[in-house]
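# A look at the structure
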Amino acid sequence: MTYKEQVDYNRLPHHIAIIMDGNGRWANAKGMERTMGHQEGAQNVHDIMTAATAMGIDYLTLYTFSTENWNRPAQEVSALMAILLQHLEEELFMKNNARFRTIGEIERLPQIVQDAIHHLVNVTSKNTGTCLVLALSYSSRWEMAQAVRHIAEKVEAGEMKASDIDETTIDQHLETRFMPEPELMIRTGGEQRLSNFLLIQSAYTELYFTDIYWPDFNEEELCKAICDYQGRQRRFGKTEAQVEEQEKNK
Ligand code: IPE
Ligand code: IPE
Ligand code: MG
């Protein structure tokens, strides 16, 4: 039986976040330039997005370019920007009835990429299927600094009091405020770390690591990760017995 057949489609995660790692090593293993790995990786986003849409996943957030990735060789950064631009195409989204959003410091991207992003966000805003979110020039520490700055500005302007600040206030100032927290986070490429991705939002997220390089991560692998997630008990600090009782009363 395939993993695709084993998925319980009534208990899908609403939000899946993926750290798409391993493009460079995928290419090197084949004796190719790293950039070829990025090309192939971008192509794979189409397949995974189509699979997520068909399943009915509400949000798919993909770590595409981190704040730290600006420190890569200039040539690799510009190749990544060119590939990104090439793939911000309307057709794929319209075909899948998918919305497009981004999180991150978009203003740092080349103007032509920013324009394409704004266009795609606008034309897909009325679509009702999966929302594909690309994290671009994103890092959790940047996001946190940004959130704290915005809250402080409101306090300074007298719009709110410091004593009013609670966990909800912080959530409402994060880049991700328009979506629920991810239930499942996948990292491909073999590393077991979060690399500054959704640190606050993944406080109770189920983590799934696979050695498979991103260009080889296909629908069946996605289903395997979902099956793994569905086999776990999410306790949120409670005991096993409490959670079982809760499930019974649902
Ligand atoms: C992920 O693949 C894509 C980006 C970070 C832009 P990498 O480029 O990090 O690939 P590896 O980890 O070097 O194999
Ligand atoms: C994480 O991959 C960032 C993205 C996938 C966009 P990296 O390859 O940059 O992560 P590290 O440097 O191995 O932690
Ligand atoms: Mg990497």
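Located above this text is the structure these notes cover.
Scoring rules and cut-offs
- Residues numbered from 1 in each chain as written.
- Chains lettered and ligands numbered in written order.
- Predicted model: local features only at pLDDT ≥ 70, side-chain atom pairs only at ≥ 80, totals over all residues.
- Heavy atoms only, no water.
- Helix = DSSP H or I, 4+ residues; strand = E, 2+ residues; numbered from the N terminus.
- Rg over C-alpha atoms; globule rule 2.2 N^0.38 Å.
- Buried < 20%, exposed > 50% of the residue type's maximum accessible area, 1.4 Å probe, protein only.
- Contact = heavy atoms within 4.5 Å.
- Areas by Shrake-Rupley, 256 points an atom, 1.4 Å probe, with all protein chains shown as cover.
- Phe/Tyr/Trp six-rings, centres within 6.5 Å; stacked < 30°, edge-to-face > 60°.
- Near = heavy atom within 4 Å.
- Polar contact = N/O pair within 3.5 Å; in protein donor to acceptor, adjacent residues only side chain to side chain.
- Nonpolar A, V, L, I, M, F, W, Y, C, P; charged D, E, K, R; others polar.

Each helix and strand in the protein was counted, giving 10 helices and six strands. Taken against the 2.2 N^0.38 rule, which gives 18 Å for 250 residues, the C-alpha radius of gyration of the protein at 19 Å falls within 12% of a compact globule. Dimensions of the protein, computed from C-alpha atoms along their principal axes, come out at roughly 55 × 50 × 35 Å. Burial statistics for the protein: of 250 residues in total, 47% are counted as buried. If you take every contact in the protein between residues at least 6 apart in sequence, the share linking residues at least 24 apart comes to 76%. Carbon and sulfur atoms make up 48% of the accessible area of the protein, which totals about 13100 Å².

The full count for this structure, using the stated rule, is seven aromatic pairs. Between the aromatic rings of F65 and W70, the centroid separation amounts to 4.9 Å while the plane-to-plane angle is 80°, which identifies the pairing as edge-to-face. Judged by its relative accessible area of 3%, F65 falls in the buried class. Note on W214 and F217: the rings are 5.6 Å apart at their centroids and 20° apart in plane angle, and the pair reads as stacked. For the pair formed by W214 and F217, the shared burial category is buried. By way of ring pairs, the aromatic residues Y63, Y138 and F197 are connected into one cluster.

Quick look at the site of ligand 2 now. The full set of residues close to ligand 2 is I19, M20, D21, Y63, T64, F65, S66, N69, R72, R187, R193 and S195. One nitrogen or oxygen atom from the side chain of D21 is found 3.2 Å from an oxygen atom belonging to ligand 2. N69 places a polar side-chain atom, nitrogen or oxygen, 2.9 Å from an oxygen atom of ligand 2. Protein burial of ligand 2: of its 390 Å² of free accessible surface, 78% is covered by the chains. Top element by residues in the shell around ligand 2 is strand β2 (residues 59-66). It accounts for four residues. Of the residues in the shell around ligand 2, the class split is four nonpolar, four polar and four charged.

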